[in-house]
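Chain residues, written in single-letter form:
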Amino acid sequence: MRPRTQHYNRSLLLLALAGLTQLTYCTKEVQEATSNEIIASAARPGGGGEGSVTRYPLFIPTAVSGTSLTLTAAPGTHNLGNASTNVWEYNGSVPGPTIVANKGDNVSINYNNQLPEPSIIHWHGMLVDHQNDGQPMQVVPAGGTYSYTFPIINRAALNWYHPHPHMTIGKQVYNGLAGAFIIRDAEEGALNLPSGKYEVPLVFRDITLDKKGQPVYNPTGGGYFGKTPLVNGTRDPYLAVDKAVYRFRVLIGSTSRVFNLALSNGAPFTLIGNDGGLLPQSSTHTAIEVCPGERLDLLVDFRNVPTSSKIMLKDLASGWDLLEFRVTETSVAYSGPLTTASSITALSNPVLTRTFSFDGMGKINGLPYDMDAISFEVPFDQTEKWVFKTNGNGPHPVHVHGASFQVINRTGGRGQLFAWEKGWKDVVLVNDAETVEVLIRFDAYRGDYVMHCHKLEHEDNGMMLNFRVK
Ligand SMILES: [Cu+2]
């Protein structure tokens with residue numbers, strides 16, 4: 001069914017080419033300076049200085065129920081703010097519609113692949129069985145369909161959905177295929193957090209546009225770094241905010257880029273949750289570094305900000321202006337919490353340790369992805385320690401399907417764990433020279449799952465493996 005030999009030969013070729021280009025492209029800056037691309041906006045995208053940038057209303061994807069849904073992936077055009085751009089969309093939207101479901105719901109989603117090539121949807125962060133996980137071996141051809149049916153057993157969290165074909169995931173996500181998947185539960189509901197227009201999904205990514213405003217995607221093995229930031233598919237966006245407390249559901253949907261989020265007025269974010277929902281304890285931060293696949297649940301208090309103020313949400317890593325908040329004169333009372341806590345049982349006493357080396361730009365433990373190989377077996381309901389090491393070409397955002405994990409240690413590199421890495425995680429950033437340890441236990445489903453680098457160009461190069469929970 002699958003052109004396996006062709007895949008591996010192409011994999012080897014890509015790796016060889018990647019090895020050659022690695023010598024040339026030593027830094028991110030050089031990687032970004034691809035000659036045939038045009039920087040779409042002058043100076044820093046979105047950051048050309050106050051008054052010199054035309055800003056566009058932030059797009060908020062439509063919220064839909066996941067209990068009975070059809071998702072169609074198809075080519076289309078999307079208005080980034082000032083130009084019509086060719087994209088690939090879910091249900092005519094970039095990002096796709098925000099799926100909302102409650103813990104305990106039974107989700108029924110029909111996927112309709114109207115792309116010109118094979119694809120499949122993965123529900124990133126969702127605890128689902130193998131058949132519903134949307135793994136590379138489950139791709140459907142152009143014109144094909146796939147029916148998903150699964151119960152929502154996760155706790156409340158922001159998860160997301162995106163394509164998961166092997167060797168083309170970077171291109172498909174880059175073309176626009178991604179959306180938020182919000183789960184609600186009773187614990188979260190009882191908190192009375194900001195809701196309705198005061199709960200806003202923010203999907204961050206980067207893109208490069210050519211002279212005609214069309215996306216350019218020509219990654220190297222080391223990744224791809226676009227020249228313009230997009231928030232919810234909008235370039236140079238603004239959001240009118242009341243003098244109110246807002247809840248921002250942050251998802252990093254870039255293929256490679258790591259963001260370092262901060263507010264221009266120095267005000268802190270109140271961090272209440274991450275990949276796996278509410279954190280054990282909320283905390284405040286003036287900057288938060290987040291990598292592809294990671295999520296944040298943030299409260300921002302605009303109640304005491306003067307009317308007509310403009311506050312910029314910035315990426316400190318690139319210097320980009322990401323999203324301008326324009327404060328209105330409307331004051332809104334808030335009776336919900338400004339701090340939160342949640343009881344999370346710590347995993348402990350791992351019975352064995354497995355070590356994974358993320359090697360170069362496309363291998364784990366020295367091997368590229370073999371779709372037909374099961375690299376190891378994990379006993380069901382057994383707590384293990386997994387150790388993630390790098391062998392160059394980081395950062396590697398490591399993602400595991402089939403279970404969330406708890407990060408317990410980072411040595412080398414940044415040498416610490418951050419508040420947003422507590423609680424339940426499904427992606428953890430491993431920089432060069434870092435070793436990160438997590439505890440993990442597969443207690444939801446037996447079956448085959450994948451682990452991979454969520455730098456999608458690394459994943460396409462083969463930085464992925466299959467394992468079996470039994
Ligand atoms: Cu990687």
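Overview of the structure. (Residues numbered from 1 in each chain as written. Predicted model: local features only at pLDDT ≥ 70, side-chain atom pairs only at ≥ 80, totals over all residues. Heavy atoms only, no water.)

## A few points about the environment of Gly412
Now for step 1: Checked against the element boundaries, Gly412 lands in the loop between strand E28 (405–411) and strand E29 (427–430).
Now for step 2: The exposure class assigned to Gly412 is partly exposed, which follows from its relative accessible area of 35%.
Now for step 3: With 21 residues separating them in the primary sequence, Gly412 and Ala433 have C-alpha atoms 5.5 Å apart.
Now for step 4: Setting aside its immediate chain neighbours within four residues, Gly412 contacts Ala433 and Glu434. (Helix = DSSP H or I, 4+ residues; strand = E, 2+ residues; numbered from the N terminus. Buried < 20%, exposed > 50% of the residue type's maximum accessible area, 1.4 Å probe, protein only. Contact = heavy atoms within 4.5 Å.)

## Brief notes about the coordination of the copper ion
Now for step 1: Every protein donor of the copper ion is accounted for by His396 (ND1), Cys453 (SG) and His458 (ND1), and the metal-donor separations fall at 2.0 to 2.1 Å.
Now for step 2: Between consecutive donor residues of the copper ion, the sequence gaps follow H-x56-C-x4-H. Note that His396 is positioned in strand E27 (residues 396–400) and His458 in helix H5 (residues 456–461), a separation of 62 residues in sequence.
Now for step 3: Given the relative accessible area of 0%, His458 is considered buried. (Donors = N, O, S within 2.8 Å, 3.2 Å for Na, K, Ca; no water.)

## Notes on the sheet that holds E27
Now for step 1: Pairing within the open sheet is mixed, and its five strands lie in the order E25-E32-E31-E27-E29. Here the strands that pair on one side only, and so sit at the sheet edges, are strand E25 (376–378) and E29. Here the average twist between neighbouring strands, direction ignored, is 25 degrees.
Now for step 2: Here three bridges tie E27 to strand E31 (residues 447–453), and the two strands are oriented antiparallel to one another. Following the sheet pairing, Val398 is matched in E31 by Cys453. (Pairing = 2+ DSSP bridges. Axes fitted to C-alpha atoms, helices over the stretch in contact; angles between N-to-C directions.)

## Points about empty space enclosed by the protein
Now for step 1: One pass over the structure, following the stated rule, counts three cavities of 30 Å³ or more.
Now for step 2: Approximately 100 Å³ is the volume found for the largest cavity.
Now for step 3: In terms of residue class, the lining of the largest cavity is made up of six nonpolar, four polar and one charged.
Now for step 4: Approximately 50 Å³ is the volume found for the second largest cavity.
Now for step 5: Along its surface, the second largest cavity is lined by 13 residues, and Gly125, Met126, Val400, His401 and Gly402 are the ones closest to its centre.
Now for step 6: Of all the elements in the fold, those that place two or more residues in the lining of the second largest cavity are strand E7 (121–124) and E27.
Now for step 7: Classifying every residue of the lining of the second largest cavity by side-chain character gives five nonpolar, six polar and two charged. (1 Å grid on protein atoms, 1.4 Å probe; cavity = no way out; pocket = protein on both sides within 12 Å on 5 of 7 lines; lining within 4 Å. Points joined across faces, edges and corners; volume = space filled by probe spheres on them. Nonpolar A, V, L, I, M, F, W, Y, C, P; charged D, E, K, R; others polar.)

## Some thoughts on the packing of aromatic side chains
Now for step 1: One pass over the full model with this rule turns up 27 aromatic pairs.
Now for step 2: Ring centres of Tyr174 and Tyr224 lie 5.3 Å apart, and the angle between their planes is 90 degrees; this geometry places the pair in the edge-to-face category. With Tyr174 in helix H3 (residues 169–174) and Tyr224 in the loop between strand E11 (199–207) and strand E12 (228–231), this residue pair connects regions lying 50 residues apart in the sequence.
Now for step 3: According to the relative accessible area criterion, Tyr174 is buried, its value standing at 2%.
Now for step 4: You can call Tyr224 buried: its relative accessible area is 4%.
Now for step 5: Seen from their ring centres, Phe376 and Trp386 are 5.6 Å apart, and the 80 degrees between their planes marks the pair as edge-to-face. Of this pair, Phe376 sits in strand E25 while Trp386 is found in strand E26 (residues 383–391), placing the two residues ten residues apart along the sequence. (Phe/Tyr/Trp six-rings, centres within 6.5 Å; stacked < 30°, edge-to-face > 60°.)

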